[in-house]
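A closer look at the structure
The residues making up each chain are set out below.
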Amino acid sequence: MATLDQKSPNVLLQSLCCRITGKSEAEVAHQFQYAVRVIGSNYAPTIERDEFLVSEKIKKELLKQRRETDAALFSELHRKLQTQGVLKHRWSVLYLLLSLSDDPRKPSSRVGNYGALFAQALPRDAHSTPFYCTRPQSLALGYGERSAGLSASVGTSGISSLGVYTLNGPTPTPQSLLAGQPPPSAAAASGQPQGSRLAWALPLSSSPSSALAPPNTRPPLGPPVPSTRVVRPRLDGDGAGEVSEAALVRDIVYVFQGIDGKFIKMSAQDNCYKIDSKVVVCKSLKDTSSRLAELGWLHNKVRKYTDARSLDRAFGLVGQSFCASLHQELKEYYRLLSVLHSQLQVEDDQGVNVCTESSLTLRRLQVWMYDPKVRLKTLAALVDFCQGRKGGELASAIHAYGKTGDPQMRALVQHILSLASHPILNFLYRWIYDGELEDTYHEFFVASDPNVKADRLWHDKYSLRKSMIPSFITMDQARKVLLIGKSINFLHQVCHDRTPTGKITPASKSADTPKDAAELLSDLERAFQEKIDAAYFDTSKYLLDVLNRNYLLLEHLQAMRRYLLLGQGDFIRHLMDLLKPELARPATTLYQHNLTGILETAVRATNAQYDNAEILKRLDVRLLEVSPGDTGWDVFSLDYHVDGPISTVFTRECMGHYLRVFNFLWRAKRMEYTLTDIWKGQMCNAKLLKTMPELAGVLHQCHILASEMVHFIHQMQYYITFEVLECSWDELWKKVQQAQDLDHIIAAHEVFLDTIISRCLLDNNSRALLNQLRAIFDQIIEFQSAQDSLYRSALEELALRLQFEERKQQREEEGQWGVTAEQEAEEKKRIEEFQETIPKMRSQLRIVTHFYQSIVQQFLVLLMTSPDESLRFLSFRLDFNEHYRAREPRLRASLSATRGRRLSNI
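Within each chain, residue numbers correspond to sequence positions counted from 1 in written order. Only residues with pLDDT of at least 70 are given local features in this predicted model, and only at 80 or more are side-chain atom pairs given and counted; all residues enter the totals for whole chains, interfaces and linings. As a rule here, side-chain values come from all non-hydrogen atoms in the structure, and water together with hydrogens is ignored.

**Some words on the overall build of the protein**
Defined as follows: Working definition: helices are DSSP H or I runs of at least four residues, strands are E runs of at least two. Numbering for both runs from the N terminus. Exposed residues in this analysis have more than 50% of their type's maximum accessible area, buried residues have under 20%, and partly exposed residues fall in between, with area computed by a 1.4 Å probe over protein chains only. In what follows, residue pairs with any heavy atoms lying within 4.5 Å of each other are defined as contacts. For every accessible area listed, the method is Shrake-Rupley and the probe measures 1.4 Å; residues are considered covered only by the protein chains on display.
From N to C terminus, the protein includes 34 helices and 6 strands. Evaluated residue by residue, the protein yields a buried proportion of 48% over its 906 residues. Of the contacts made within the protein by residues no fewer than 6 positions apart, 75% connect residues no fewer than 24 positions apart. Accessible area for the protein stands at about 45400 Å²; split by element, carbon and sulfur atoms hold 54% of it.

Listed below in structure tokens is the structure:
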């Protein structure tokens, strides 16, 4: 006989209830059950500790009560409270106010109540049948006491069919067993032996209303009422000591509940139920009993899992729902055992000692318990499969286990999945319709980082927990769910849009009950997809409309193209003309306010003045870090200030890319500007220097080199402007016009910048090409200096010669000799000295030409070997007449290899 543990938690709790109420153990049964439920309950708030969300809830409650004035007053007071540093835990104060505003008499319909429901722990004493309420322990002390207690407190719930045990949820009680309708066996007692039908074998003294309670009715609390009938117990064996089949049937029914019988007990060593080796049983009965005892082992396995997990808060709402579904299945199993107990009770009342055609036998039990055994096997295997999982991962495991060809097993797993996934669907609907994330146990596949500030909300605050995405939700659906809630929070927190979410997207019927969840899960490809798509399109469209209408997103994008990518031609040209004197000075002598004034002058003098004032005020001048020897051209840059919601698209990384591209384009534009000045100098001085034939060769050399440089820069400008910028911009603009959400715009913008960075030779793979191109630009500046020096010397010499001729002519007009011998000798000597400098000028130009051509040849070789087809075509245009190919053997080899690759591709 088992001994009571007087220090167990249940005994101590019941003693406490008795002492507080001053009643006996039988009278405090209701209070004891309530105390067990309170101790296992979860009263922790299931709302995320987010001050903004709580304040939004308060305003929603005020708006629901048509108190718009109070809502506006609360917003103003909350704003003032945020500016004060007195309170450190404003969230707690707001949450307290919200909790105090709830009417306790009004049943709440918020989804959070489902979390509280599933977080409540089910008392251990309410899980088994028969239910013993006289003692805190769930089992009787001995076999005799157990039998006596069973006779008066067996379960009173019937079962619809023992032959066909449905697997798609709880089995309803048949109409013939409902209260007020006596069973057929009682009506025909005179013509048929009682107990001939197991489904109708109930205690005769029990009224139909008490014997057949509804499925959800718990057994009555209080001490069992002693029976007035004279019970004639069965004989456990015959005279030879062999155990009868009737005794084994009685033991098996107890084993079904996980209770050791008199002859069949749990073997800890073998982990199974075995018949005591000292008991004499025939082999056929022993084998049949062993097969039937497997139900007890399966029951214990499922029961152990539910008992261990029901009190575990960390298991989460999905886990508690899963345990609740297992409890529901066990309850149906207990209903069947209640019928079996009733049949045994009837046979004991009648004193049946031998097997008749209406009595319980092991073979009948084996037939009747086949479907429940399959059901318990499925539950036990599912419990093993779901070990160590929680949240969406647990739902995925249940869903994966339901992929079987057995329709009954599939229906059972689908029913359990509908119950377990109910919290996930509630999380999902709360997120996509209200933007609220109440995931205390981190079970939902959307994660939130409360430490992220508002300016990085879109990029960093919300993310997907891929391990928690249920397998019945696709990655595309999960991405849309993330975007929907993220868009709502972005509108409220970053755009400060106070439009109620109900006006953005109308909320459809949510999964208020597990039945709704089951209907939704049964049509994932249509109904569920339609809900997600409708919320996704409505929310994303509204967000893009707000960004374009209130924050001029597309206008800012075009401003980037016009100013930072040099698309506004007249503005850029005029700005260069105005900045030329300033930028020619050393970088250390520049002042930003002077350059800002010049920028404003350029804006007012060109078509840029017609742009939106919101855009022009963001345009500014920026000076880069100064290095020794830098001029203003090296450190000047335009800047564009971004803040608020548009900074989500134009992030710091993007603005850094724009700065790099601007510096490259500005340098290339400066080369074009420089070559234009060189050409102007050549055209203006060509006629003046015709009188100095000794300079013809040097000037011709200058013209040839300048032509080479002009051709090179023009081809590079054409490539950059049309093949890179315009084509990339056209693709970007098409994608932006077709974008369905903000992520599409951000992705298209990033692709646009990456393409420009790569094709403008600014990425790491094109570093060698960029170095060669910068060297070519340096040679152009060097050539400008050399030519300016040449023209300066030539013009000074020309001016001296003209002065000499004017003095000579003036003296002749006065009737004197034009020149004296000394003056003529001095003039001749000076001319000879000038002519001696011409070879130096020619050598300097040859050096510049040689360096320039060698760098261009290396640049062409790199272009020819580039994997980018557009760069290879650029090399053809730069060397269209094969001028450099004739000088560089590597170009001939590269060209042959390229043609070979093209032929092989064809």
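**A closer look at the pairing of strand β1 (residues 264-267)**
Note the cut-off: Strand pairing requires that DSSP identify at least two bridges connecting the strands.
Bridge count for β1 against strand β2 (residues 272-275) is 4 bridges, and the pairing is antiparallel. Counted as the bridge partner of Met266 is Tyr273 from β2. Between the antiparallel neighbours β1 and β2 lie 4 residues, among them Asn271 with a positive phi of about 55°.

**Description of a negative patch on the surface**
Rule in force here: Residues enter patches when their relative accessible area tops 30% and they take part in no salt bridge; the joining distance is 9 Å for like charges and 5 Å for the nonpolar side chains Val, Leu, Ile, Met, Phe, Trp and Tyr. Counted as salt bridges are all cases of a side-chain nitrogen of Lys or Arg within 4 Å of a carboxyl oxygen of Asp or Glu. By the counting scheme adopted, Arg and Lys are positive, Glu and Asp are negative, and His together with the chain ends is not counted. Just so you know, the charge point we use is NZ for Lys, CZ for Arg, CG for Asp and CD for Glu.
A cluster of acidic residues, Glu805, Glu812, Glu813 and Glu814, forms a negative patch at the surface. Position of Glu814 relative to the elements: it lies in the loop between α31 (767-813) and α32 (821-864).

**Looking at unusual backbone geometry**
Of note, Asn271 is a non-glycine position whose phi angle comes to about 55°, a positive value. With respect to the helices and strands, the residue Asn271 is situated in the loop between β1 and β2. Notably, Leu761 is not glycine yet its phi reads approximately 65°, a positive angle. Following the sequence through the fold, Leu761 ends up in the loop between α30 (742-759) and α31.

**Focus: the packing of aromatic side chains**
Put simply, the test is: We call Phe, Tyr and Trp rings a pair once their centres come within 6.5 Å, taking the six-membered ring for Trp, and we label the pair stacked below 30 degrees between planes, edge-to-face above 60, and tilted otherwise. Distance and angle both matter: a charge sits over a ring if NZ of Lys or CZ of Arg is within 6 Å of the ring centre and within 35 degrees of the ring normal.
Counted by the stated rule, this structure contains 21 aromatic pairs. Where Tyr718 meets Phe722, the ring centres are 5.1 Å apart and the plane angle is 40°; that geometry is what we call tilted. Of the two residues, Tyr718 and Phe722 both sit in helix α29 (residues 696-738), 4 residues apart, roughly one turn of that helix. Among the aromatic residues, those joined into a cluster by ring pairs are Trp633, Phe636, Phe662, Trp666 and Tyr673. Above the face of the Trp458 ring, Lys486 is positioned so that its terminal group lies 4.6 Å from the ring centre.

**Considering the packing of helix α12 (residues 316-350) against helix α14 (residues 370-385)**
Threshold: Each axis is a line fitted through C-alpha atoms, and for a helix only the stretch in contact is used; angles between axes span 0 to 180 degrees, taken between their N-to-C directions. For classification purposes, an angle smaller than 35 degrees is called roughly parallel, one larger than 145 roughly antiparallel, one from 65 to 115 roughly perpendicular, and anything else oblique. We call a crossing left-handed when the near helix sits turned anticlockwise from the far one by less than a right angle, and right-handed when that turn is clockwise. For this classification, Asp, Glu, Lys and Arg are treated as charged, while Ala, Val, Leu, Ile, Met, Phe, Trp, Tyr, Cys and Pro are nonpolar and the rest, including Gly, are polar.
Between α12 and α14, the least distance of the axes is 11 Å, while the angle of their chain directions is 160°. Classified by the angle between their axes, α12 and α14 sit roughly antiparallel to one another. Here α12 and α14 pass one another in a crossing that is left-handed. Here Phe322, Leu326, Glu329, Leu330, Tyr333 and Leu336 of α12 lie close against α14, whose contacting residues are Pro372, Arg375, Leu376, Leu379, Leu382 and Val383. Taken together, the residues that form the contact of α12 with α14 break down as 10 nonpolar, no polar and 2 charged.

**Focus: helix α23 (residues 553-564)**
To be explicit about the condition: A helix is expected to span 1.5 Å for every residue after the first.
An ideal rise of 1.5 Å per residue puts 16 Å on 12 residues; α23 measures up with 16 Å between its terminal C-alpha atoms. Judged by how many residues are buried, α23 sits mostly within the fold: 9 of 12 residues are covered. One or two residues past the end of α23 sits Leu566, with phi positive at roughly 60°.

**A few points about the environment of Asp460**
Its location among the elements puts Asp460 in helix α18 (residues 457-461). For the pair Asp460 and Ser448, spaced 12 residues apart in sequence, the C-alpha separation works out to 8.7 Å. Sequence-distant contacts of Asp460, that is, excluding residues within four places in its chain, are made with Asp449 and Val452.

**Focus on the side chain of Asp630**
Selection criterion: Residues adjacent in sequence count toward polar contacts only when both atoms are side-chain atoms; beyond that, a polar contact is any pair of N or O atoms within 3.5 Å, and within protein one must be able to donate a hydrogen and the other to accept it.
For Asp630, the location among the structural elements is in the loop between β5 (619-623) and α27 (632-635). One buried charged side chain, Asp630, makes no salt bridge at all; its nearest oppositely charged neighbour is Arg667, positioned 7.8 Å away. Polar side-chain contacts of Asp630 include one of 2.9 Å to the backbone nitrogen of Ser627. With residues near it in sequence (within four places) discarded, Asp630 still touches Pro586, Ala587, Glu625 and Val635.

**Some details on the pairing of strand β6 (residues 636-640)**
In the case of a regular strand, side chains alternate between the two sheet surfaces. Within β6, 5 of the 5 residues are buried, leaving the element largely enclosed by the surrounding structure. Covered by surrounding structure in β6 are Phe636, Leu638 and Tyr640 together with Ser637 and Asp639, the residues of both alternating faces. Alignment of β5 against β6, held across 5 bridges, turns out to be antiparallel. Directly across from Leu619, in β6, lies its bridge partner Tyr640.

**A look at the pattern of salt bridges**
Side-chain pairs of opposite charge can arise whenever the charged atoms involved come near each other. Within this structure, the stated rule accounts for 47 salt bridges. Between Glu294 and Lys373 there is a salt bridge; the shortest N-O distance is 3.0 Å. In this pair, Glu294 sits in helix α11 (residues 283-310) while Lys373 sits in helix α14, placing the two residues 79 residues apart along the sequence. Assessed through its relative accessible area of 17%, Lys373 is described here as buried. Within this structure, Lys57, Lys60, Arg430, Asp434, Glu436 and Glu438 form a network of salt bridges that share partners.

**A few points about a nonpolar patch on the surface**
There is a patch of nonpolar side chains on the surface, built from Val86, Leu87, Val93, Leu96, Leu97 and Leu100 and spanning about 570 Å² of accessible area. Inspection of the secondary structure assignment puts Val86 in the loop between α4 (68-83) and α5 (90-101). Under the relative-accessibility criterion, Val86 is labelled exposed at 67%.

**Comments concerning the packing of α14 against helix α15 (residues 391-401)**
α15 packs onto α14 with a crossing angle of 140° between their chain directions and a minimal axis gap of 10 Å. Considering their axes alone, α14 and α15 lie oblique with respect to each other. Our pair here, α14 against α15, has a crossing hand that is right-handed. Only Ala397, Ile398, Ala400 and Tyr401 of α15 make contact with α14, whose side of the interface consists of Thr378, Ala381, Leu382 and Phe385. Along the lines of polarity and charge, the residues of the contact of α14 with α15 split into 7 nonpolar, 1 polar and no charged.

**Concerning the confidence of the model for the protein**
For the record, the criterion: pLDDT runs from 0 to 100 and stands for how confident the predictor is about each residue.
Residues at a pLDDT of 70 or more form 78% of the protein, whose mean pLDDT is 80. This stretch, residues 107-235, has a pLDDT under 50; its non-local contacts, to residues over four places away or in other chains, come to 247 contacts.

**A closer look at the environment of Ser396**
On the secondary structure map, Ser396 appears in helix α15. Residues Ser396 and Phe472, spaced 76 residues apart in sequence, show a C-alpha to C-alpha distance of 7.1 Å. The contacts of Ser396, once residues within four sequence positions are left out, are Ile469, Pro470 and Ser471. Of the polar contacts made by the side chain of Ser396, one reaches the backbone nitrogen of Ser471; its length is 2.8 Å.

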